[in-house]
Amino acid sequence: MSKHFEIIVGTMLGASEYVADAIAEKLEAKGYTHTIHIEPNLDNIKTDNTWVICTSTHGAGELPDNIQPFAAQLVGADLSSVNAYVIGLGDTSYDTFCFGAKEIEKLITENNGKLKADAYYIDVLEHPIPEDAAVEWFDDILANA
Ligand SMILES: Cc1cc2nc3c(=O)[nH]c(=O)nc-3n(C[C@H](O)[C@H](O)[C@H](O)COP(=O)(O)O)c2cc1C
């Protein structure tokens, strides 16, 4: 676990940004530092820092517009030093539940990056305040790191 975290956000309506902010607060409380990337660009994101990617899904199972250029940058990139956590926000009434987060996971592992834990998919129908669920999950992650 690096001291500095890169928090990468994929959001259309802002819910994933709230999740990212809550994760950032938790990291600060535990003595870690972080950068939140609302317009993520691989050129400004260090691959040897731990990544936390918080992304929703929109359209018919697509990544939000703001994270699509970053996803494209991951194709063929050398991610061999990447250790990442993925938090997906979605809605189980879509049969493409959390496909955006799943696409990011695939891009990371296909390009030799590592997922430090199984992705955490948050169903916003079940968790109307998704950041609460995310922080609870992340607390366990940090406790066992
Ligand atoms: C137009 C639209 C399309 C959506 N499509 C999906 C989808 O395909 N799969 C899914 O899991 N959730 C889908 N959702 C649910 C969003 O991912 C969910 O509301 C999420 O909390 C939005 O987070 P955001 O504000 O960070 O974008 C959709 C929501 C909207 C409004």
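Cut-offs applied
- Residues numbered from 1 in each chain as written.
- Predicted model: local features only at pLDDT ≥ 70, side-chain atom pairs only at ≥ 80, totals over all residues.
- Near = placed C-beta within 6 Å.
- Helix = DSSP H or I, 4+ residues; strand = E, 2+ residues; numbered from the N terminus.
- Nonpolar A, V, L, I, M, F, W, Y, C, P; charged D, E, K, R; others polar.
- Core = buried A, V, L, I, M, F, W, Y, C linked by C-beta atoms within 7 Å.
- Buried ≥ 20, exposed ≤ 12 C-beta atoms within 10 Å, placed from the backbone.
- Contact = placed C-beta atoms within 7 Å.
- Expected span 1.5 Å × (residues − 1).
- Arc of directions from axis to C-beta.

Visitor: Any chance you could break down the site of the ligand for me, citing the residues and the numbers?
Guide: As a matter of local geometry, the ligand sits amid 22 residues, with Leu13, Ala15, Ser16, Ser56 and Gly90 nearest to it. Breaking the shell around the ligand down by element, the ones donating at least two residues are α1 (15–29) and β4 (83–90). Tallied by class, the residues present in the shell around the ligand amount to 11 nonpolar, 10 polar and one charged.

Visitor: Summarise the nonpolar core; cite the residues concerned and give the values.
Guide: Counting residues in each nonpolar core, the largest one holds 33 residues, and the members touching the most others are Ile7, Ile23, Val52, Ile53, Cys54, Ile87 and Ala134. If you list the elements that add at least two residues to this core, you get β1 (4–10), α1, β3 (50–55), α2 (68–74), β4, α3 (99–110), β6 (120–123) and α4 (130–143). By residue number, the principal contributor to this core is β4, which donates five residues. Among all residues touching Cys54, those that are not within four sequence positions of it are Ile7, Val9, Ser16, Val19, Ala20, Ile23 and Ile87.

Visitor: Any chance you could break down α3 for me, citing the residues and the numbers?
Guide: If you check α3, its first and last C-alpha atoms are 16 Å apart, about what 12 residues at 1.5 Å a residue would give, namely 16 Å. Of all the residues in α3, the buried ones are Gly100, Ala101, Glu103, Ile104, Leu107 and Ile108. Buried residues of α3, seen end-on, are gathered within an arc of 160° and therefore sit on one face of the element. With respect to the buried face of α3, the exposed residues turned more than 90 degrees away are Lys106 and Glu110. Where α3 is buried, its residues touch β1, β3, α2, β4, β5 (114–115) and β6. Phi for Asn112, located one or two positions after α3, is positive at around 75°.

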